[in-house]
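Spelled out, the chains give:
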Amino acid sequence: MSDLVALLTDPLASGFMQRGLLAGVIVALVCGVMGSFVVLKGLAFIGDAVSHAAFPGLVIAYLLGVPLYLGGSVAAVATALAIAWVSRRGGLRFDTAVGVLFAGMFALGVLLFTTIEGYAGDLLGYLVGNVLFITAEDLVQLAVLAMIVLAIVLLLRKELLYATFDPGGAQASGLPVARLEYLLLGLLGVTIVVSIQAVGIILVVAMLVTPAATAQLLVVRFSRLLSLAAALAVASSVIGLYLSFYLDVASGAAIVLVETVAFGLAMALGPRTGLIHRVRQSRVVPDAESRSGSGIVGARVP
Amino acid sequence: MSEVERAVGNRVPLGPPTRGAVAVRLDDVTVGYGARLALSHVTLEVPAGSLLAVIGPNGAGKSTLIKVMAGLLKPWSGRIETLGGPSGANARRIAYVPQAELVDWHFPVSVGDVVTMGRYPLIGIGRRPGARDRELVTRALVTVGMERLADRQIGALSGGQRRRVFLARALAAEPDLYLLDEPVTGVDATTQEDLMDVLEAETRTGKTVIATTHDLLCAAQRFHDVAFVNQRLVSTGPAGSVFDQRLLAETYGGHVLILQGELGTTVALDDAHHHDDAAGNERHYHEEGR
């Protein structure tokens with residue numbers, strides 16, 4: 001028993017692990033909540049785009065000697081708002097426009113990166129992230145930004161829910177749907193920059209999408225989706241960081257893989273798609289109504 | 001009494017402009033999506049208390065007309081007034097119900113959640129629904145006969161139940177103007193009767209109902225007035241004028257089948273599918289295996 005406790009407490013002796021765990025939990029909380037909206041609104045691709053677009057911002061901030069968060073946030077939020085603007089304008093297929101925009105931004109980042117003279121390895125670190133190397137100063141910035149995002153989302157959650165579920169109905173009865181959408185994408189930009197430190201640019205999208213997708217397989221109420229997605233993300237972060245500590249593997253990848261395993265389990269066993277669902281189906285003769293409720297995630301035919 | 005006489009007998013006519021309050025006024029409104037024109041030069045006055053059916057073939061601009069009234073589309077030209085103010089000014093007194101296909105039925109919300117959303121714009125930011133909100137939600141659920149299914153996820157509902165839920169959401173908002181896109185499409189006869197009873201009762205208290213429909217018989221029997229739409233406003237008239245063969249021909253072109261019944265009743269059938277007016281940025285949700 002005491003061995004087990006030691007297994008959990010030993011890593012906490014190091015400052016790295018303390019700060020890393022704290023940062024991991026904060027990032028997971030904000031990603032779980034924002035990810036619920038990302039999944040419901042179908043913004044996964046946008047999340048990926050915005051995270052890649054943050055890279056040139058980080059490089060420019062590095063070149064100018066200003067805080068990296070600032071550069072990344074400006075680039076990410078600007079890209080998110082540009083995407084929202086493009087989507088409202090139409091004209092070009094939306095995913096095409098997003099694809100063009102984010103590949104171009106990432107290329108700019110890589111190009112600027114190669115102009116840096118000398119060693120800039122910590123910038124490369126942002127590609128895969130390492131939450132264990134977070135400084136106390138970064139941790140404070142991260143916590144403040146995450147709290148701002150969470151506070152805004154929780155304050156506006158019923159308006160955001162209505163605007164996400166039925167934009168037309170919400171707008172017709174007086175909710176500022178366009179402004180809520182810009183706000184949501186702006187917050188998504190900030191969330192992504194906050195998360196990049198933990199899991200890196202390439203894996204941020206998993207942090208956003210996977211816990212929320214897992215939660216969507218398990219519950220059918222929005223309020224529970226938010227809390228379950230956040231809880232799953234937090235648990236995955238903690239487990240992933242311990243795995244990273246003991247197995248000496250990359251922390252971001254470990255967190256994301258734990259999340260992915262949880263998703264796989266929910267898919268295989270969960271009440272809506274998995275074993276539990278099939279057992280129930282075989283016991284009860286389903287009527288047309290209950291069968292139509294067993295939808296799978298993403299089964300939307302345009 | 002024939003269908004026509006019954007329909008005409010209890011109608012509230014689309015009166016002259018000076019009589020009573022006007023719920024919706026469109027003045028030479030032209031609107032479209034992107035570069036595609038959908039409706040041109042529509043001038044229409046809908047008096048408060050109207051029960052107006054908007055009919056026309058696929059792609060005629062029926063949904064467009066509802067959306068432009070709801071403030072969801074900006075007209076290219078022309079002026080719109082709703083409930084005596086410019087578009088948007090009285091939005092909290094308007095309830096809009098989209099076509100069923102524009103709703104994501106996998107969304108993790110229950111029947112009660114959806115109906116409560118009707119109250120959201122009225123509750124205010126950062127506040128939770130209060131006692132009065134809950135009471136109105138319950139009353140709306142009872143009115144449409146869905147109170148026992150309040151906790152059910154919306155994907156687990158039949159087509160008729162889904163329409164009932166969205167009407168309940170509109171009722172819970174206590175609006176003065178109902179703008180409904182295909183409120184009785186794809187529902188069974190009982191549901192259609194129930195929903196039309198509810199809407200008619202609302203108009204008796206001075207509220208205005210404007211709804212698109214593909215069901216010409218329903219338009220004739222259960223609405224008070226009709227607007228014929230095909231890229232423009234062809235005509236407006238009492239519900240009985242649904243059977244006016246000249247107007248039907250002008251509105252539907254070759255897409256309508258007119259049957260002459262034994263007692264002289266005309267029955268008109270439209271091809272009842274509805275993919276008209278899809279704006280480029282709308283997502284349609286189709287149920288698999290339904």
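Our structure is the block above this text.
A brief look at the structure comes next.

Procedures and definitions
- Residues numbered from 1 in each chain as written.
- Chains lettered and ligands numbered in written order.
- Predicted model: local features only at pLDDT ≥ 70, side-chain atom pairs only at ≥ 80, totals over all residues.
- Heavy atoms only, no water.
- Helix = DSSP H or I, 4+ residues; strand = E, 2+ residues; numbered from the N terminus.
- Buried < 20%, exposed > 50% of the residue type's maximum accessible area, 1.4 Å probe, protein only.
- Contact = heavy atoms within 4.5 Å.
- Rg over C-alpha atoms; globule rule 2.2 N^0.38 Å.
- Areas by Shrake-Rupley, 256 points an atom, 1.4 Å probe, with all protein chains shown as cover.
- Lys, Arg positive; Asp, Glu negative; His and termini not counted.
- Charge placed at Lys NZ, Arg CZ, Asp CG, Glu CD.
- Pairing = 2+ DSSP bridges.
- Polar contact = N/O pair within 3.5 Å; in protein donor to acceptor, adjacent residues only side chain to side chain.
- Buried area = accessible area lost by both parts, 1.4 Å probe.
- Salt bridge = Lys/Arg side-chain N within 4 Å of Asp/Glu carboxyl O.
- Axes fitted to C-alpha atoms, helices over the stretch in contact; angles between N-to-C directions.
- Parallel < 35°, antiparallel > 145°, perpendicular 65-115°, else oblique.
- Left-handed = near helix turned anticlockwise from the far one by under 90°.
- Nonpolar A, V, L, I, M, F, W, Y, C, P; charged D, E, K, R; others polar.

For chain B, the helix and strand inventory stands at 9 helices and 12 strands. With 290 residues in all, chain B has 57% of them scored as buried. Partitioning the contacts of chain B with sequence separation of at least 6, the portion at a separation of at least 24 is 70%.

So, about the overall build of chain A. A count of helices and strands for chain A gives 14 helices and 0 strands. Counted from the first residue to the last, chain A has its helices and strands arranged as α-α-α-α-α-α-α-α-α-α-α-α-α-α. By the compact-globule yardstick of 19 Å for 302 residues, chain A fits well, its C-alpha radius of gyration being 20 Å. Counting only C-alpha atoms and orienting by the principal axes, one finds that chain A spans roughly 70 × 60 × 30 Å. Expressed as a percentage of the 302 residues in chain A, the buried residues total 50%. A fraction of 73% describes how many contacts in chain A between residues 6 or more apart in sequence connect residues 24 or more apart. Of the roughly 13,300 Å² of accessible surface on chain A, a fraction of 71% belongs to carbon and sulfur atoms. Positive and negative side-chain charges of chain A, numbering 16 and 15 respectively, have mean locations separated by a distance of 16 Å.

Attention now goes to the pairing of strand E4 (residues 77-82) of chain B. Residue and element names in this part refer to chain B. Relative to E4, strand E1 (residues 22-33) is paired through 5 bridges, and the arrangement is antiparallel. Residue pairing in the sheet places Val24 in a bridge with Thr82 of E4. In this sheet, strand E5 (residues 85-86) lies alongside E4 in antiparallel orientation, the contact comprising 2 bridges. Looking at the pairing, Thr82 lines up with Gly85 of E5. Once E4 ends, the chain turns through 2 residues before running back antiparallel as E5, passing Leu83 with a positive phi of about 50°.

Residues and elements named next belong to chain B. Mapping Lys62 onto the fold places it in helix H2 (residues 62-69). Its relative accessible area of 1% is what places Lys62 among the buried residues. Within the structure, the side chain of Lys62 is placed 3.0 Å from the backbone oxygen of Pro57, a separation counted as a polar contact.

Attention shifts here to the interface of chain A and chain B. Listed per partner, the contact involves 33 residues of chain A and 44 residues of chain B. For the pair chain A and chain B, the summed buried surface comes to about 3,300 Å²; carbon and sulfur atoms form 58% of the total. For the pair chain A and chain B, the interface holds 2 salt bridges. Residues Asp166 of chain A and Arg169 of chain B are paired through a salt bridge, measuring 2.7 Å at the closest nitrogen-oxygen approach. For the pair chain A and chain B, the interface holds 8 residue pairs in polar contact (both at pLDDT 80 or more).

Any two side chains of opposite charge can pair, on the condition that their charged atoms come close. With the rule as written, the count across this model stands at 18 salt bridges over all chains. Between Arg221 of chain A and Asp113 of chain B there is a salt bridge whose closest N-O contact spans 2.8 Å. Of the two residues, Arg221 of chain A sits in the loop between helix H10 (177-218) and helix H11 (222-247) while Asp113 of chain B sits in helix H3 (residues 111-117), which places them in two different chains. Grouping residues by exposure puts Arg221 of chain A and Asp113 of chain B together as buried. Between Asp197 of chain B and Arg222 of chain B there is a salt bridge; the shortest N-O distance is 2.7 Å. Of this pair, Asp197 of chain B sits in helix H7 (residues 189-204) while Arg222 of chain B sits in helix H8 (residues 216-222), placing them 25 residues apart in sequence. Using a relative accessible area of 11% as the deciding quantity, one classes Arg222 of chain B as buried. Salt bridges linked by common partners bring Arg25, Glu45, Arg79 and Glu81 of chain B together as one network.

Residues and elements named next belong to chain A. The interhelical angle for the contact between helix H2 (residues 15-41) and helix H8 (residues 157-165), taken along N-to-C directions, is 15°, at an axis separation of 10 Å. On the basis of their axis angle, the class for H2 and H8 is roughly parallel. The two elements H2 and H8 meet at a crossing, and its hand is right-handed. In contact with Phe37, Leu40 and Lys41 of H2, H8 contributes Leu160, Leu161 and Thr164. Counted by class, the contact of H2 with H8 contains 4 nonpolar, 1 polar and 1 charged residues.

For the rest of this paragraph, the subject is the pairing of strand E9 (residues 225-229) of chain B. Residue and element names in this part refer to chain B. Across the 5 residues that make up E9, a large majority, 5, are buried. The side-chain alternation of E9 yields two buried faces, one formed by Asp225, Ala227 and Val229 and the other by Val226 and Phe228. Direction of pairing for strand E3 (residues 51-55) relative to E9: parallel, over a ladder of 4 bridges. Bridge pairing in E9 places Val54 opposite Ala227. The sheet contact formed by E9 and strand E10 (residues 233-238) spans 5 bridges and is antiparallel. Across the sheet, the residue bridging to Val229 is Leu233, located in E10. The antiparallel hairpin formed by E9 and E10 contains 3 residues in its connecting segment, where Gln231 sits at a positive phi of about 65°.

Moving on: the sheet that holds E1 of chain B. Residue and element names in this part refer to chain B. Read across the sheet, 4 strands follow the order E2-E1-E4-E5 without closing on themselves; strand pairing throughout is antiparallel. Unpaired on one side and paired on the other, strand E2 (36-47) and E5 mark the two borders of the sheet. Packing against the sheet, H2 makes contact with E1, E2 and E4, and its axis sits at approximately 120° to E1.

A separate point is the packing of helix H3 (residues 44-64) of chain A against helix H4 (residues 68-89) of chain A. Residues and elements named next belong to chain A. In the contact formed by H3 and H4, the axes pass within 7 Å of each other and the chain directions differ by 140°. When the axis of H3 is compared with that of H4, the two are oblique. In this structure, H3 meets H4 at a crossing whose hand is right-handed. Between H3 and H4, the residues in contact are Ile46, Ala49, Val50, Ala53, Ala54, Gly57, Leu58, Ala61 and Tyr62 and Leu68, Gly71, Gly72, Ala75, Ala76, Thr79, Ala80 and Ile83, respectively. For the contact of H3 with H4, the per-class residue count stands at 13 nonpolar, 4 polar and no charged.

Before going further, it helps to examine the environment of Asp28 of chain B. Residue and element names in this part refer to chain B. By secondary structure assignment, the location of Asp28 is in strand E1. On the accessibility criterion, Asp28 (34% relative accessible area) is partly exposed. Between the C-alpha atoms of Asp28 and Ser40, which are 12 residues apart in sequence, the distance is 7.7 Å. Those residues within four positions of Asp28 in sequence are excluded, and the remaining contacts are His41, Val42, Thr43, Ser77 and Gly78.

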